[in-house]
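# A closer look at the structure
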Amino acid sequence: MLLGRLDSYVSIKIVSTGPGDETGIVAVFDAKGNAIGLVDGPAVSAIRTGAAPGLATDLLADSDSTTLVMFGAGLMAPEQIAAVRSVRPIERVLVWSRTFERARLLAEMVDGEVVTDPAQAVAEADVVSTATRSTVPLFSAEALRPGAHINAVGAFTPEMVEIPAGVVRQAFVVVDDLEAAASEAGDLLQVGRRPATDLAGLLAKRVEPVDEPFTLFKSVGIAAQDAAAAIRALENAERLSIGTHL
C-alpha cells in the first residue's frame, strides 16, 4: 500500500505484484477525507511511469532525437513510448525483450521493429528506455552512442540493475525523488553514484545539465505521481468532479 499527497488531495494505492498480471486500485480523497473516486491501479502505474520519462526526455534529450529503443515489452512500455514520441520527433522505435513474442506484439502495437541484438540497437539510439526486472545490465557501456539519453525505470530495488556501471559513472544523472532513489535505485546504488538533482530541481533550474557523454533519468516511482495521474484520470474521464462524494 502506498500513500500519496498532491496539494489538498490524498491517494491510497493498493497493487498486487505477485505471480500473474498486476492488479489493484488507487482511491483518491479530498482535503476533508471524502472519497472522490477509484482508478485502476495498473493503469495509473503505466501512465505515471510513462509521464516522468517523457518529461525527462523533454528536458534532457537532444531536440532532434529520432530513434528510440525500448527494452522491455510489459504493461509500462507502450506508455513510455507514447510519452517520448510526444516530446521528440521519433521516427523509429526498436523493441527488445527476452521474450521474442512479447517484443513482436509490442512492435506491432507501436509500429516499431523487433531487435535481438541490444548492442546494435543502442548504437543507433538517440533515446533508450528500459522497463525490466533485470539484475544484470541490458547492454554494454561501449555499445551506447555518445550523446544518448536514457530513461531507466525498471530496476526499483537495490538488487536490480539495467544500466551498465560505465554509463552510470559517465552520465549526468537525474532522479524522480532523491530520498527514494537513495534507498531503491539499484542502478545508482551498485556503483555508488549520487544523482546531480531530481526532476523538480531540473525544472526549477536549481541545477543545469553539464556536458557529460550521456544523460540518465532514473525513476523508482513516487506516490505523489500516482495521485496526480489518478486525479487527472478522474477529471478526463468525467466520471466524477473533483470535490464530490462517491
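Residues numbered from 1 in each chain as written. Predicted model: local features only at pLDDT ≥ 70, side-chain atom pairs only at ≥ 80, totals over all residues. Heavy atoms only, no water.

## Some remarks on the side chain of E162
Cut-off, in case you're wondering: Each helix corresponds to a stretch of at least 4 residues labelled H or I by DSSP, and each strand to a stretch of at least 2 residues labelled E; elements are numbered beginning at the N terminus. Each residue gets one of three labels from its accessible area relative to the maximum for its type: buried under 20%, exposed over 50%, partly exposed in between, using a 1.4 Å probe on protein chains only. His residues and chain termini do not enter the charge count, which takes Lys and Arg as positive and Asp and Glu as negative. Put simply, a salt bridge is a Lys or Arg side-chain nitrogen that is within 4 Å of an Asp or Glu carboxyl oxygen. Between N or O atoms, a polar contact is any pair within 3.5 Å; within protein, one atom must be a potential hydrogen donor and the other a potential acceptor, and residues adjacent in sequence are included only when both atoms are from side chains.
Mapped onto the elements, E162 comes out in the loop between β9 (149–152) and α5 (165–170). For E162, which is buried and forms no salt bridge, the nearest opposite charge comes from K218, at a distance of 4.6 Å. A polar side-chain atom of E162 sits 3.0 Å from the main-chain amide nitrogen of G154. Here the side chain of E162 touches A155 through a polar contact of 3.4 Å, landing on its backbone nitrogen.

## What to know about the packing of aromatic side chains
Filter applied, for reference: Each aromatic pair joins two rings of Phe, Tyr and Trp (for Trp, the six-membered one) with centres within 6.5 Å, and gets the label stacked for planes under 30 degrees apart, edge-to-face for over 60, and tilted for any other angle.
Counting across every chain of the model gives two aromatic pairs. An angle of 50° between the planes, with centres 5.5 Å apart, marks the rings of F71 and W96 as tilted. Within this pair, whereas F71 is found in strand β5 (residues 67–71), its partner W96 is found in strand β6 (residues 92–96), the two being separated by 25 residues in sequence. Note on F71: relative accessible area 0%, which makes it buried. Aromatic rings pair up to connect F71, W96 and F139 into one cluster.

## Focus on the packing of helix α1 (residues 41–60) against helix α2 (residues 77–87)
Short version of the rule: Between N-to-C directions, angles cover 0 to 180 degrees, with each direction set by a line fitted to C-alpha atoms, over the stretch in contact for helices. Between 65 and 115 degrees an angle is taken as roughly perpendicular, under 35 as roughly parallel, over 145 as roughly antiparallel, and anywhere else as oblique. Rotating anticlockwise by less than a right angle from the far helix to the near helix defines a left-handed crossing, while the corresponding clockwise rotation defines a right-handed one. We call two residues in contact when some of their heavy atoms are within 4.5 Å. When residues are sorted by character, Ala, Val, Leu, Ile, Met, Phe, Trp, Tyr, Cys and Pro go into the nonpolar class, Asp, Glu, Lys and Arg into the charged class, and all the rest, Gly among them, into the polar class.
Contact geometry of α1 with α2 gives a least axis separation of 8 Å together with a crossing angle of 30°. Taken together, the axis directions place α1 and α2 in an arrangement best described as roughly parallel. Read as a crossing pair, α1 and α2 show a hand that is right-handed. Seen from α1, the contacting residues are A46, I47, T49, G50, P53, G54, T57 and D58; seen from α2, they are E79, Q80, A83, V84 and V87. Grouping the amino acids of the contact of α1 with α2 by side-chain chemistry returns six nonpolar, five polar and two charged.

## Re the pattern of salt bridges
Pairs may arise between side chains of opposite charge once their charged atoms sit close together. If you walk through the whole model with that rule in mind, you get seven salt bridges. Between R92 and E113 there is a salt bridge, and its shortest N-O distance comes to 3.1 Å. Of this pair, R92 sits in strand β6 while E113 sits in strand β7 (residues 113–114), and the two are 21 residues apart along the sequence. Given a relative accessible area of 30%, R92 falls into the partly exposed group.

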